[in-house]
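Chain by chain, the residues:
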Amino acid sequence: MSAAATLPLQIPPTAHKLRSTATGEPAWVRWTLIALALVFLALFLFLPLATVFYEALRKGTGVYLNALREEDALSAIRLTLIAAAISVPANLVFGIAAAWAIAKFEFRGKSILITLIDLPFAVSPVISGLIYVLLFGAQGWFGSWLQAHDLRIIFAVPGIVLATVFVTFPFVARELIPLMQAQGNDEEEAAIVLGASGWQTLWRVTLPNAKWGLLYGVILCNARAMGEFGAVSVVSGHIRGMTNTLPLHVEILYNEYNFAAAFAVASLLALLALITLGLKSLVEWRAGAQADTDLPQERPAS
Amino acid sequence: MSISVHHIAKRFGSFVALDDVSLTFPSGELVALLGPSGCGKTTLLRLIAGLESPDGGSVSFDGDDATRRGVRERQVGFVFQHYALFKHMTVLENIAFGLRVRPRASRPAEAEIRRKVHELLQLVQLDWLAERYPAQLSGGQRQRIALARALAVEPKVLLLDEPFGALDAKVRKELRRWLRRLHDELHITSIFVTHDQEEALEVADRVVLMNRGRVEQVGTPQEVVEEPATPFVADFLDLHDHGPAWLIQAKIRHRGFELRAIDQELQTA
Amino acid sequence: MRNVSLLFLGLVLAASSVQADTTLLNVSYDVTREFYKDYNAAFIRHWKQQSGETLTVNQSHGGSSKQARSVADGLEADVITMNQANDIDILATHGKLIPADWAKRLPNNSAPYTSTIVFLVRRGNPRAIKDWDDLVKPGVSVVIPNPKTSGNGRYSYLAAWGYVTKKGGTEQKAREFVTKLFANVPVFDGGGRAATTTFAQRNIGDALLTFESEVQLIQKEFADSQVEVVYPSQSILAEAPVSIVDKVVDKRGTRKQAQAYLDYLYSDEGQEIAAKHHFRPRSEKVLNRYAASFKPLHLFTVDEVFGGWTRLQKVHFDDGGIYDQILLKQ
């Protein structure tokens, strides 16, 4: 057992050594590159992030907390949570269904489906928002019907949710498709031969195998759902206390010269980003640890 | 259970995988499907399991038409070339899977499941690995667990797709002898796919030689070796007389004597 | 999935049943929030006294043209309060939400309060900027947001142009003057807010052209950046027009309340609140009371210098108009 288990651990150091001699860059080149990368990171990532927190707290924690406790801010937080709470599960279901279909089956129109999944990545979020305005706006396709039935989609919560779902729908599917494709059908076929139904196979085999990818997708999806600006801005209507999400609230506070409050609310989003990054690394680390133990070992273990 | 296929045809796009194949696998025998890669042997196995459906022809189990029967109703045990063990489950859970997914009415009690799993683990001689995960097992161990998992559902027929293909030579030899002994114990109708003629000839009661989607010859190992039906069979089993062999140079020393041979034609008995 | 769709349906219903008691939605531009916060409270009190009805007034703020677009696209605004007439004109031309002569329905071109363009300079006014002529001197750097996308920029352009023609200069002279002014602009920010940041935080420029109503906000937020205000000899009267959105109020049955909401802007109390928030009131009485905050200067209107917004838009700001030609020259 011990010999087989340490085998994969022994490989990386040699591989690493080989690589560094193979590229053969002198030390100063490497250090310059590293320093350059760090300066860039500091300049474009850490500094702005620190500024957000600095500006948010500059006028004291009292101002900071008041900005967050203010009614409009609370309602923006609430709306952001609602939008995420609907779009993330919706995209989870969609992502699993789409990835399952794409990775495990051959069917006509598959490549079109893949392209369509990428659509929200390809178009500007503002355009995504405008699509909904064109569909549901007063001059839109369904505009007069909606008005006749007194239903509001855009400039109301449903529009914000729709726009959020639209911009976030590739995240889960995009994470799962390559993962499921790489895993192939073997385990699913084994499950079916053993008498499992399609549903049992999904729950007991496919999803547990994809859980890290799934989690990763959900984290990214959530981050985007809460942080989305462009698409939501177009369909929001910016009604204070009703249709402003956190990012929109930040923009409006900023435009009103209300700096401290704008940065206070922005710090929530920055915090969300930090948590997302933390979770993301955790998931990557866990998934990586699992992948390591998955290395095939051909030798008898004992 | 005996299995027969009648006039089976299967294409993948323009590639003809099986071309009018008819065969009977008698009850209780261990049969090898032997042939080069792409000859259709794996496709035939998957068709019997129900993992593929034929374009034409039929499959019957004990004389009953099973062509339209779903995979789950066929009650076959299937062992995959790359084991296909469930990575996130322990060995115990892997083997118990087939029992746990049964409808509540026919699902055994937990104690019964555990008893059965341990019985199977003893059968494959890996009882001490129950709590391990597949990643912690060697290839040979994985394949034995895969076999135990397939046997857990008490299949009427056992189908093995290149079961030893991913193992190194030594483990392969051990395992195939073990498989033979296991089959002698269980007497379950078994079909295994291989491209290794040595393996087929050593293990199987009967060998089916396939080439380009067609059956070239069916017979016992002795029959196919002694009377190859087609040039392909003779070629694939490497039965040709390749002409005389020559010894170029040899030197043997033994207790002060030295024997030298140069440029000799070797004679076989 | 079923739960999700139920929740979704719930939201649709919730959104459409929000108006249990009467609400008004006032769609406005960026910096009017504090003003309308106070005004809404006052109006709600007033309306309760007068009619016994409890009102809720919701506010929507954003970039003015975008806000107008949203209303045209179905944002159900009972009233719209902008800082340029052409942002309200859109509602007449696009979707026929209001009649074309909407501006004639209330006094003073339907603009109950106004503002004007003034200069912000560095403390101590080191470049000695006193009037428009000082801005076109070589080497002076002036921050003005893009006139095509912002009210500040547009009114600044118009104020500079009007300054020349009001002094008897010809169109040609005005054009030369504005060309020189815009040659002194180092960057064109998209909006007033961004231009302020450029000037006050990034320390670019010797002068910032901005609305008088925003000066207080800027000084409050950038207390440590040390800027001071300079009033030119004359400037433009930036009228902030308001209108009810007929199609919406008729559908929602809120015409009465919406009309009263706008009328009350002209009342003493409405004018007083506007003045407190640095908008120039129309009422002489109130203006006099706040004379200290509104330094007298000669103000000319868009109508007298440019013959109305429609003509102005066509001549100056449509693609290929005078503004484009001026930029092209640089």
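Computed from a predicted structure; not experimentally measured.

So, how was this worked out
- Starting from 1, residues in each chain are numbered consecutively following that chain's sequence as written.
- Note on labels: chains are lettered from A, ligands numbered from 1, in written order.
- The predicted origin of the model limits local features to residues at a pLDDT of at least 70 and limits the giving and counting of side-chain atom pairs to 80 or more, whereas totals for whole chains, interfaces and linings rest on all residues.
- To obtain the side-chain values, all non-hydrogen atoms of the structure were used and water was disregarded.
- A run of H or I in DSSP counts as a helix once it spans at least four residues, and a run of E counts as a strand once it spans at least two, with each numbered from the N terminus.
- Each radius of gyration is computed over the set of C-alpha atoms, and the globule rule expresses the reference value as 2.2 Å times the number of residues to the power 0.38.
- Contacts: residue pairs with any heavy atoms within 4.5 Å of one another.
- With residues, only the protein chains shown are counted as cover, and all accessible areas are computed by Shrake-Rupley using a 1.4 Å probe.
- Within this scheme the basic residues Lys and Arg register as positive and the acidic residues Asp and Glu register as negative, but His and the chain ends are omitted.
- Charge positions are represented by NZ for Lys, CZ for Arg, CG for Asp and CD for Glu.
- Partly exposed describes any residue whose relative accessible area lies between the buried limit of under 20% and the exposed limit of over 50%, with all areas from a 1.4 Å probe on protein chains only and scaled to the type maximum.
- Following DSSP output, two strands are said to pair if at least two bridges run between them.
- Fitting a line to C-alpha atoms yields each axis, with helices limited to the stretch in contact; the angle taken between N-to-C directions then spans 0 to 180 degrees.

A few points about the overall build of chain C
Then comes step 1: When its secondary structure is counted, chain C shows 17 helices and 11 strands.
Then comes step 2: Computed over its C-alpha atoms, the radius of gyration of chain C comes to 21 Å, within 12% of the 20 Å expected for a compact globule of 330 residues.
Then comes step 3: If you line up chain C on its principal axes, its C-alpha atoms span 65 × 50 × 40 Å.
Then comes step 4: Contacts in chain C between residues far apart in sequence, at least 24 positions, make up 75% of those at least 6 positions apart.
Then comes step 5: Put simply, chain C shows about 13,500 Å² of open surface, and 53% of that area lies on carbon and sulfur atoms.
Then comes step 6: Chain C carries 39 positive and 36 negative side-chain charges, and their two centres are separated by 2 Å.

Focus on the overall build of chain A
Then comes step 1: Secondary structure assignment for chain A yields 15 helices and 0 strands.
Then comes step 2: Split into buried and exposed, the 302 residues of chain A put 44% on the buried side.
Then comes step 3: A separation threshold of at least 6 residues defines the contact pool for chain A, and within that pool the share at least 24 residues apart is 73%.
Then comes step 4: When the accessible surface of chain A is totalled, it reaches about 15,200 Å², and 72% of it is carbon and sulfur.

Comments concerning the sheet that holds strand 9 (residues 242–244) of chain C
All names here are of chain C.
Then comes step 1: An order of 2-1-3-9 is seen for the 4 strands of this open sheet, with the pairing classed as mixed. Lying at the two open borders of the sheet, with one neighbouring strand each, are strand 2 (56–62) and strand 9. In this sheet, adjacent strand axes meet at a mean angle of 20 degrees when their direction is disregarded.
Then comes step 2: Pairing geometry for strand 1 (residues 23–29) and strand 3 (residues 79–81), over 3 bridges, is parallel. From the neighbouring strand, Val27 faces strand 3, where its bridge partner is Ile80.
Then comes step 3: Packed on one face of the sheet, helix 2 (residues 33–51) meets strand 1, strand 2, strand 3 and strand 9 and runs near 165 degrees to strand 2.

With respect to the sheet that holds strand 3 (residues 30–34) of chain B
Residue and element names in this part refer to chain B.
Then comes step 1: The 6 strands are arranged 6-7-8-3-9-10 in an open sheet whose pairing can be described as mixed. The two strands at the open ends of the sheet, each matched to only one other strand, are strand 6 (76–79) and strand 10 (214–219). Strand after strand, the sheet turns through a mean of 15 degrees between neighbouring axes, direction not considered.
Then comes step 2: As judged from the 4 bridges shared by strand 3 and strand 9 (residues 206–211), these two strands associate in the parallel manner. When the bridges of strand 9 are listed, Leu34 appears paired with Leu209.

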